[in-house]
Amino acid sequence: MAAVGGLSVAVAALRAVTPWARGRLLAAFRGPQARRETSSSSPEAGEGQIHLTNSCVQRLLEITEGSEFLRLEVEGGGCSGFQYKFSLDTVINPDDRVFEQGGAKVVVDSDSLAFVKGAQVDFSQELIRSSFQVLNNPQAQQGCSCGSSFSIKL
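First, a word on scope: everything that follows refers to the structure included in this document. What you see is a predicted model, and the numbers here were worked out from it, not measured in a lab. (Residues numbered from 1 in each chain as written. Predicted model: local features only at pLDDT ≥ 70, side-chain atom pairs only at ≥ 80, totals over all residues. Heavy atoms only, no water.)

1. Things to note about the packing of aromatic side chains
Thinking step 1. One pass over the structure, following the stated rule, counts three aromatic pairs.
Thinking step 2. Considering the side-chain rings of Phe86 and Phe132, the 6.1 Å spacing of their centres and the 35° angle between planes classify their relative orientation as tilted. Of the two residues, Phe86 sits in strand E5 (residues 82-89) while Phe132 sits in strand E9 (residues 130-135), which places them 46 residues apart along the sequence. Phe132 shares its class with Phe86; the two are buried.
Thinking step 3. Clustering of aromatic rings is evident, with ring pairs tying together Phe86, Phe123 and Phe132. (Phe/Tyr/Trp six-rings, centres within 6.5 Å; stacked < 30°, edge-to-face > 60°. Helix = DSSP H or I, 4+ residues; strand = E, 2+ residues; numbered from the N terminus. Buried < 20%, exposed > 50% of the residue type's maximum accessible area, 1.4 Å probe, protein only.)

Printed below as a string of structure tokens:
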């Protein structure tokens, strides 16, 4: 699936709170390191999982149609070396891991999973933006002030 790049924060925030066309790139920001209740239907326990918060599940159920799911990818870039990318998708590839809770799905390819295993995927609504975010990523050493990029632990 080709990603649509270059969305401004304002447009990304608007898309996060209103319906959008399939395949649009969503804002990817890390927010406050708040503790939230999470779970995943993945059979393995521990660090190989991606945990979905209740707000993430609720928002995905509101915005996805049919076989759509949220894809989380990690790309090189940003001011800290790597950045999170969220998009809606309908194709599950052979190297993808599916994390599901309450009918909501988040899919991560095996390469990206190495950078986010053990993290939480959340949906946050704030006064200045609403977005899906990666929280409590045990693979991240630090992030930049904008919250969209991170460096990894070596």
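From this point, the narrative continues.
2. Re the nonpolar core
Thinking step 1. Grouped together as the largest cluster of nonpolar side chains are 25 residues, with contacts concentrated most on Leu72, Tyr84, Val106, Val116 and Val121.
Thinking step 2. Elements supplying a minimum of two residues to this core: helix H2 (54-63), strand E4 (69-76), E5, strand E7 (104-109), helix H3 (110-116), strand E8 (120-125) and E9.
Thinking step 3. Here the element with the most residues in this core is H2; it accounts for four residues.
Thinking step 4. Apart from the residues lying within four places of it in its own chain, the contact partners of Val116 are Gln49, Ile50, Leu72, Val74, Tyr84, Val108, Asn137 and Gln139. (Core = buried A, V, L, I, M, F, W, Y, C linked by side-chain atoms within 4.5 Å. Contact = heavy atoms within 4.5 Å.)

3. Looking at unusual backbone geometry
What you tend to see is this: most non-glycine residues have negative phi, and most peptide bonds are trans.
Thinking step 1. Of note, the phi angle at Asn136 is positive, near 50°, even though the residue is not glycine.
Thinking step 2. With respect to the secondary-structure elements, Asn136 resides in the loop between E9 and strand E10 (140-143).
Thinking step 3. By relative accessible area, which is 30% here, Asn136 ends up partly exposed.

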